[in-house]
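# A closer look at the structure
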Amino acid sequence: MLEQRQQPPVPATVARMDEIAESLRRVSQRIDEHNAHRNPEALTSARIAKLAEEVGETSAAWLGTTGMNPRKGYTHTRGAVKAEALDVAVTALALWEHLDGNRGRVLNSLAEHVRYLDERGLESAIGAREARPDVRHEGSRAELIELLNQQAEGWHHLANDRLQREALDGAAKLEAGDSSVQVENTVYEVTDVDSTPPPTAWSGASGEAPITAGGCTHVVDR
Ligand SMILES: [Mg+2]
């Protein structure tokens, strides 16, 4: 008989975030309290030096994994490198807590920073694409609407609401009868002359050619 497993009401990782934040705050505060008699700038310098030390340990563990040093041989495992990488992460987060007065806010800041980096990476990708020549997709109205809807879903998964909206708007315009739309630097050009609207014409209700994924032509203008 199969064992029935109940899902916890809240994912464990989410439920533990506050605990992790509090642990990081305690770790940092403990170090600060232990060194409270020292010059504050010297203490901060030491916290930064500690971060550099952990980075060095990560490098040493990797070298020990590769066996590059003939005198030492294979002294570490990949797991040891991963453990040192976590030491780097925790030391950096604790340093942030120290600089923020040990108020337990580092994970909030981390979440914001990760989101910022993610969005900036996406914007860079868009910028790189803008620097390239225009891309043109040619195909039937149904194929291009399908393609734009797929791309809208992709942008949704990448949390880019603007491009998701533009792709959906483009699909709607094609559906309404436009023969060409542009989303960012990509032009979608309807090349089949028989697929004029109304919108139901491509939905399969009137004998329109079926949607074939990936059937449209992809053209790069030079
Ligand atoms: Mg270490």
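Please read all numbers here as calculations on a predicted model, not as lab measurements.

## A short note on the overall build of the protein
A count of helical and extended segments in the protein gives seven helices and four strands. The secondary structure elements of the protein, listed N-terminal to C-terminal, are α-α-α-α-α-β-α-α-β-β-β. Here the protein holds 222 residues, and the buried ones make up 18% of them. For the protein, the share of sequence-separated contacts (at least 6 apart) that also reach a separation of at least 24 residues comes to 61%.

## What about unusual backbone geometry?
The backbone phi angle of Asn-102 is positive, close to 55°, even though this residue is not glycine. Owing to 20 C-beta atoms within 10 Å, Asn-102 belongs among the buried residues under this scheme.

## Considerations on the environment of Leu-63
Residue placement: Leu-63 occurs in helix 3 (residues 40–66). C-alpha of Leu-63 to C-alpha of Thr-75: the two residues are 12 residues apart in sequence and 8.5 Å apart in space. Beyond its immediate sequence surroundings of up to four residues, Leu-63 is in contact with Met-68 and Asn-69.

## With respect to the packing of helix 3 against helix 4 (residues 78–99)
Interhelical geometry of helix 3 versus helix 4 gives an angle of 170° and a closest axis separation of 8 Å. In this view, helix 3 runs roughly antiparallel relative to helix 4, as classed from their interaxial angle. Where helix 3 approaches helix 4, its residues Thr-44, Arg-47, Ile-48, Lys-50, Leu-51, Glu-54, Val-55, Glu-57, Thr-58, Ala-61, Trp-62 and Thr-65 are matched on the opposing element by Arg-78, Ala-80, Val-81, Glu-84, Ala-85, Asp-87, Val-88, Thr-91, Ala-92, Leu-95 and His-98. Class assignment for the residues of the contact of helix 3 with helix 4 results in 11 nonpolar, five polar and seven charged.

## What to know about the nonpolar core
As a rule of thumb, nonpolar side chains are buried together in soluble globular proteins. One finds Leu-144, Ile-145, Leu-148, Ala-167, Ala-171 and Leu-174 to be the most contacted residues of the largest nonpolar core, which totals 14 residues. Those elements that provide at least two residues to this core are helix 6 (141–157), helix 7 (161–176), strand 2 (180–183) and strand 3 (186–190). Here this core gets seven residues from one element, more than from any other, and that element is helix 6. Look past the residues within four positions of Leu-148 in its chain and what remains in contact with it is Ala-167, Gly-170, Ala-171 and Tyr-188.

## Let's talk about helix 3
Here helix 3 contains 27 residues, and its C-alpha end-to-end distance of 40 Å stays within 8% of the 39 Å for a straight helix at 1.5 Å per residue. Gly-67 sits one or two positions beyond helix 3 and adopts a positive phi of about 70°.

## Looking at helix 7
Since the α-helix advances by 3.6 residues per turn, residues separated by three or four positions end up pointing in the same direction. The end-to-end C-alpha distance of helix 7, which contains 16 residues, comes to 22 Å, matching closely the 22 Å that a straight helix rising 1.5 Å per residue would cover. Among the residues of helix 7, Ala-167, Gly-170, Ala-171, Leu-174 and Glu-175 are the ones counted as buried. Here the buried residues of helix 7 occupy an arc of 140° about the axis, which is enough to place them on one side. Every exposed residue of helix 7 that faces more than 90 degrees away from the buried side is listed here: Asp-161, Arg-162 and Ala-176. A positive backbone phi angle near 125° is found at Gly-177, which sits one or two residues after helix 7.

## Section: the pairing of strand 2
Of the two faces of strand 2, the one lined by Val-181 and Val-183 is fully buried and the one lined by Ser-180 and Gln-182 carries no buried residue. As paired strands, strand 2 and strand 3 are joined by four bridges and run antiparallel to one another. Each residue of the ladder has a partner; that of Val-183, found in strand 3, is Thr-186.

## Topic: the pairing of strand 3
In this structure, strand 1 (residues 135–139) lies alongside strand 3, joined through five bridges in parallel fashion. Across the sheet, the residue bridging to His-137 is Tyr-188, located in strand 3. Hairpin geometry of strand 2 and strand 3 is characterised by an intervening segment of two residues between the two adjacent antiparallel strands and by a positive phi of about 55° at Glu-184.

## Points about the environment of Ser-179
Looking at the element boundaries, Ser-179 is found in the loop between helix 7 and strand 2. Residues Ser-179 and Glu-189 lie 10 residues apart in sequence; the distance between their C-alpha atoms is 6.1 Å.

## Let's talk about the confidence of the model for the protein
The predicted coordinates should not be examined in detail at positions where pLDDT is low. Summarising the model, the protein shows a mean pLDDT of 81, and 75% of its residues fall at 70 or more. For residues 198–222, every residue scores under 50 in pLDDT, and the model assigns this stretch 42 contacts once sequence neighbours within four places are set aside.

## With respect to the packing of helix 2 (residues 17–34) against helix 4
Contact pair helix 2 / helix 4: the axes reach a minimum separation of 9 Å and the direction vectors enclose 65°. Relative to helix 4, helix 2 is oriented roughly perpendicular. Helix 2 and helix 4 meet at a crossing whose hand is right-handed. Of the residues in helix 4, those in contact with Leu-24, Arg-25, Val-27, Ser-28 and Asp-32 of helix 2 are Leu-93, Ala-94, Glu-97 and His-98. Here the residues of the contact of helix 2 with helix 4 are counted per class, giving four nonpolar, two polar and three charged.

What counts as what
- Residues numbered from 1 in each chain as written.
- Predicted model: local features only at pLDDT ≥ 70, side-chain atom pairs only at ≥ 80, totals over all residues.
- Helix = DSSP H or I, 4+ residues; strand = E, 2+ residues; numbered from the N terminus.
- Buried ≥ 20, exposed ≤ 12 C-beta atoms within 10 Å, placed from the backbone.
- Contact = placed C-beta atoms within 7 Å.
- Axes fitted to C-alpha atoms, helices over the stretch in contact; angles between N-to-C directions.
- Parallel < 35°, antiparallel > 145°, perpendicular 65-115°, else oblique.
- Nonpolar A, V, L, I, M, F, W, Y, C, P; charged D, E, K, R; others polar.
- Core = buried A, V, L, I, M, F, W, Y, C linked by C-beta atoms within 7 Å.
- Expected span 1.5 Å × (residues − 1).
- Arc of directions from axis to C-beta.
- Pairing = 2+ DSSP bridges.
- pLDDT = per-residue confidence, 0-100.
- Left-handed = near helix turned anticlockwise from the far one by under 90°.

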